[in-house]
Amino acid sequence: MAEYRAIKIERGSGGFGGPLTVMPKEGKDKVVFITGGGAEPDIIEKIVKLTGCTAVNGFKTSVPDEEIFLAVPAGHPLAGQGCRRILRVLLHF
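To keep things clear, this report deals only with the structure shown in the data block. For every chain, the first residue of the written sequence is number 1, and numbering continues from 1 along that sequence. Note on the predicted model: pLDDT of at least 70 is required for a residue's local features to be given, and 80 or more for side-chain atom pairs to be given and counted; whole-chain, interface and lining totals, by contrast, use all residues. As a rule here, side-chain values come from all non-hydrogen atoms in the structure, and water together with hydrogens is ignored.

Right, let's get into the nonpolar core. A general trend in soluble globular proteins is that nonpolar side chains are found buried together. The set of buried Ala, Val, Leu, Ile, Met, Phe, Trp, Tyr and Cys residues whose side-chain atoms join them within 4.5 Å is what this entry labels a nonpolar core. Exposure categories follow from relative accessible area, calculated using a 1.4 Å probe and restricted to protein chains: below 20% of the type maximum is buried, above 50% is exposed, and the middle band is partly exposed. Ranked by size, the top nonpolar core spans twelve residues in total: Ile 7, Ile 9, Val 22, Val 31, Phe 33, Ile 43, Ile 44, Ile 47, Cys 53, Phe 69, Leu 70 and Val 72. Elements supplying a minimum of two residues to this core: strand 1 (7–9), strand 3 (30–33), helix 1 (42–51) and strand 5 (68–72). Leave out the neighbours within four places in its chain, and Ile 44 touches Val 31, Phe 33, Ala 55 and Val 72. Here a strand is any run of E in DSSP of at least two residues, a helix any run of H or I of at least four, and the numbering for each starts at the N terminus. Contacts between residues were defined by any pair of non-hydrogen atoms, one from each residue, lying within 4.5 Å.

Laid out in structure tokens, this is it:
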């Protein structure tokens, strides 16, 4: 059984909402990134390291909705290479 940890997501300048605390759990432990070209954004590696979740390329692999704890869509500030701020996230509950 994996050890999961929560992360706190705060808005960046010009962002809105939050803060939001999210934590994967057994069976709902996938962070899905959906980016053109399939390149894994830098922030995904950090989310995986901090939470203990598993990263999945949403363009290459289908994941049942009930297994997704966090999704990062194409064109989203989180998906930008080297992005340090988090403006908003898409959550699937």
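Alright, that's what it looks like, and here's the rest.
With respect to the helices, strands and loops of the structure, Pro 73 is situated in the segment after strand 5. Pro 73 sits in the partly exposed class, given a relative accessible area of 21%. Sequence separation of Pro 73 and Thr 35 is 38 residues, and the distance between their C-alpha atoms is 6.3 Å.

What counts as a salt bridge is simple: a side-chain nitrogen of Lys or Arg found within 4 Å of a carboxyl oxygen of Asp or Glu. By the definition in use, this model includes three salt bridges. Between Lys 8 and Glu 10 there is a salt bridge, and its shortest N-O distance comes to 3.5 Å. For Glu 10, a relative accessible area of 48% puts it in the partly exposed group. Ionic pairing is found between Lys 30 and Glu 67, a salt bridge with its closest N-O pair at 3.7 Å. One end of the pair, Lys 30, is in strand 3; the other, Glu 67, is in the loop between strand 4 (54–57) and strand 5, with 37 residues separating them in the sequence. For Lys 30, a relative accessible area of 18% corresponds to the buried category. Several salt bridges share partner residues, and in doing so they unite Asp 29, Lys 30 and Glu 67 into one network.

We now examine the environment of Pro 24. Relative to the helices and strands, Pro 24 resides in the loop between strand 2 (20–22) and strand 3. Judged by relative accessible area, which is 1%, Pro 24 ranks as buried. Once residues lying within four places of it in the same chain are set aside, the contact partners of Pro 24 are Tyr 4, Arg 5, Asp 29, Thr 51, Cys 53 and Phe 69.

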